[in-house]
Amino acid sequence: MSTTAPLLTADDDTLLQETELQQWLAAGAADRPRLRQALRQLDRQQWAALQQGVPIEQLIQIRVTHIDRVLGLAWQHFLGNWAQALCLVATGGYGRRELQPQSDIDVLVLLPAEVNAEWTGPLERFLTFLWDIGLQVGHSVRTVAECAEMASTDLTVMCNLLESRALDGDRHLLEAMRAATSPRRMWNSQAFFAGKVAEQNARHHKFHDTGYQLEPNVKESPGGLRDIQTIGWVAKRHFQAETLDELREHGFLTERELRSLVDSQQFLWRVRWALHMLTGRREDRLLFDVQLKLAGLFGYCDQDDNLAVEQFMQHYYRTVTRIGRLNELLLQLFDETLLHPDDQAPPIPLNARFQVRHGHIEVTRPDVFRRSPFALLEIFLLLMEHPEIQGVRAATIRLIRQHRYLIDGPFRDDIRARSLFMEMLSQPHGITHELRRMNRYGILARYLPEFGALVGRMQFDLFHAYTVDQHLLFVVRNLRRITVPEFAHEYPLCSEIVERIPKRELLYIAGLYHDMGKGQGGDHSDVGGQLASAFCCRHGLGERDTELVVWLVRNHLLMSMTAQRRDISDPQEIHAFARKVRTRLRLDHLFLLTVADMRGTNPALLTDWKFRLLSQLYHATREAIERGLDRPLDAAEVAAENREEALAQLARSGVDQGRAQALWDGFPEAYFLRHQGDEIAWQTRALLLAGRPHVPVIQLRPDNDRGSTAIFLYLPDRDYLFGLISAVLCQLGLTIQDARISSTVDGWALDTFMVLEQNGCFVNDHNRLQEIREQLTRILNNPPVDGFLVTRRSSRQARVFHTPPQIHFRDDPGPHTAMELIAADRPGLLSCVGQMFARHGIRVHAAKIATIGERAEDVFWITDARGRIDDPAIRATLTAALTEALNDAKG
């Protein structure tokens, strides 16, 4: 990226020269705008230098040098005779000379034991000046004793002081503070190390123990800059090491590891610097819109199957993975050095290659992996078989990393390697934990190269919350979790089904391979099926087992798509799905894989509503398979069963069946097909309690069994009713999941909407239910002439993405035409669609609403005045009108 701004060099002194600074300080407030402008010019020149490729460490040091100069001269100017009585100290990131454009400039003013009130005025003027010229200063004013008192109970304060350096004034005060906070007085090496490890674990847990978030935090996420700082703090506290290079001198890092850590740190520094400059604030999150800009800044270009932003983020994710590996290695080394300095405990042998020392596994000799390469897999099997082992010794971690190259083609084809890996997948404990460890150490990527290609690969959307490799491991974890009795309360149906699975390892293989084909061109399900087939053949699986795994991989989206995009109250749809599945064994496996996949794609994806949909589809399909695929269930039978169930429930609650039957005479037959017995009974009671016909009714029912809140509306039918109801619900902050639209023979609407709150939970609060009912009643009784305006805005994240409208018509059997709509999800979308339907004489009979990240993927079952919409000209006209309306609305 070209620029005309002059570049800074390491010895640049064209800005903020000492004599000019002194003149500006002497001029007082009048020249402060000039100094503020000079600092802004420094920002501009450094931003241009970063884009021209000037090393980031050089830019950081230039910035620190200039800020040091400003603070030192200002200190002398404002403190005057008191300047040497106190000490101005840089702390935190500024203290360790890692200053970013929008970082706080943390300073500590150290006071002698006897405080003089005359210092107050000069100090206030000094700090006010720094703020006036635009510096973001974080300051504290304390005595040495006060510093020691705070540091003794607060590890964060201790770390800030640990990185302190004198800028000006009496340096003896800083020496006294360091002595007062030394390991002999507080936080000895062992306590400090334990505290920092606990702090890091808690921080990682806040990010779900993964740095692979949609918008990761460059500083705080696992593998971020804070993980490097943690290493530095421990090293400085115990070894007095000032730089990462000193860790190599102490024998904790090899030259290659040091270079990897430094390169990774510098990459994150560049990313963070650019983040601060692009956002104009201290922003450490890689926000979606900034990811796009950074991808261009770092020189990435779109490819056929890999966007520039996805390539940039893969670089980022692989960088934090390297940092995470080295962080784990070094903390384990520190643990062994600090907690077990006299390592004389006798090891506990496991076999000729491995032993356990202090609860951690290690090799019996340094050449184990060279002499027995298959031990690179065996160690993980031993960890599964011995859950009492706490981890891997640092020296062995390093040996594993150094010998990864031994895992090559002949290694993968060897029966010993294949047997070890299959034995791992058959273990009752530790599969998820050790697969993750294999991924961290780089072993899984070597053994399964197809997996290695996906490490750090992200998909630039709001739907996939994790990189592909992390998602695959999450799915395996979710499958394993289903088998654990203590988690049976989460999804009891899954726990019941998994007990019937004869070979659970087949499920794990399908989970590991279901998305393995991503990024390779073509349909990822088909590509994944080919890869899964090759894995199964290589690992000696039988023909039937291989066929099941490959079928699962190729059809892993079938059940979720059917549940969310088909009318599963229609027996014909159930029969069509059952014919694709064919056997109860396939159905059981597919249901479990679908639940695990949805749960591992995005934490908010598998709502109770969607799980109930999947469960409904599972039970209906199981019955169809048991009934026989040559004996499909008839729609009239289903409707009759729903009627009978409703009558039975009404009888139990004392409702006269004759009155119910008379009311139902005006209902269409499709109503009884789309509503189950308990829903029919509830709505019938509501109508009969109204006392007389043609009285509008609006009822709400939290439906825990279906994981949503049902809204039933009975009122005169009219054009745009679907759109108006949708608009009101959207403005109330509700998300529509499903809509079933019917009309009585005398023109009254029988509409049922299933809704959730924005957080995916059903509405259960009495006041909230009352608010929804009152708002619907008010607006539906007096609808606005010009339509109801939805004023809610799309989220910041959703506005980054552009999803052109796509409209397709399905020729489903039955009296209605199914129209699929894919568009950018936004508030008021359904209202806009409803307006277009009304203008073109289209009637909605049912709708399934799905939000896939930033995209809406909705299905509407519609007709016009003549019935099904089969005429290509009418379809084209409707498509054009909807496309234009949705594009205009987005603009």
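Residues numbered from 1 in each chain as written. Predicted model: local features only at pLDDT ≥ 70, side-chain atom pairs only at ≥ 80, totals over all residues. Heavy atoms only, no water.

Observations regarding the overall build of the protein
Each helix and strand in the protein was counted, giving 39 helices and 17 strands. Projected onto its principal axes, the C-alpha coordinates of the protein cover approximately 100 × 75 × 55 Å. When burial is assessed residue by residue, the protein has 59% of its 891 residues classed as buried. Taking the contacts inside the protein whose residues are at least 6 apart along the sequence as the reference set, 72% of them involve residues at least 24 apart. (Helix = DSSP H or I, 4+ residues; strand = E, 2+ residues; numbered from the N terminus. Buried < 20%, exposed > 50% of the residue type's maximum accessible area, 1.4 Å probe, protein only. Contact = heavy atoms within 4.5 Å.)

Examining the sheet that holds strand β6 (residues 354-357)
With mixed pairing, four strands are arranged side by side in an open sheet as β5-β6-β7-β8. The outermost strands of the open sheet, each flanked by one partner alone, are β5 (348-349) and β8 (391-392). Sheet topology note: the β5/β6 ladder contains two bridges and is antiparallel. What sits directly across from Ile 348, in β6, is Val 356. Each of β6, β7 (360-363) and β8 touches helix α16 (residues 375-385); the most contacted strand, β6, lies at about 45° to it. (Pairing = 2+ DSSP bridges. Axes fitted to C-alpha atoms, helices over the stretch in contact; angles between N-to-C directions.)

Some points on unusual backbone geometry
Here Trp 187, not a glycine, exhibits a phi torsion of approximately 45°, which is positive. When you line up the elements, Trp 187 lands in the loop between α8 (171-180) and α9 (189-206). The backbone phi angle of Tyr 720 is positive, close to 65°, even though this residue is not glycine. The residue Tyr 720 is located in the loop between β10 (708-716) and α36 (721-731) in this model.

Considering the nonpolar core
The biggest cluster of nonpolar side chains holds 251 residues, and the ones touching the most others in it are Leu 71, Phe 334 and Phe 591. The next biggest cluster of nonpolar side chains, apart from the first, holds 54 residues, and it includes Val 763, Ile 779, Cys 832 and Leu 882. (Core = buried A, V, L, I, M, F, W, Y, C linked by side-chain atoms within 4.5 Å.)

Some details on the packing of aromatic side chains
Summed over all chains, the structure comprises 34 aromatic pairs. Ring centres 5.8 Å apart and planes at 75° place the aromatic pair Phe 267 and Phe 298 in the edge-to-face group. In this pair, Phe 267 is assigned in helix α12 (residues 255-279) and Phe 298 in the loop between α13 (288-297) and α14 (308-339), connecting sequence segments 31 residues apart. Across the pair, Phe 298 and Phe 267 agree in class, each one buried. These aromatic residues form a ring-pair network of at least three members: Phe 267, Phe 298, Tyr 300 and Phe 312. A cation over an aromatic ring shows up here: Arg 481 above the ring of Phe 487, its NZ or CZ 3.7 Å from the ring centre. Against the face of Phe 672 rests Arg 643, its NZ or CZ located 3.9 Å from the ring centre. (Phe/Tyr/Trp six-rings, centres within 6.5 Å; stacked < 30°, edge-to-face > 60°. Lys NZ or Arg CZ within 6 Å of the ring centre and 35° of its normal.)

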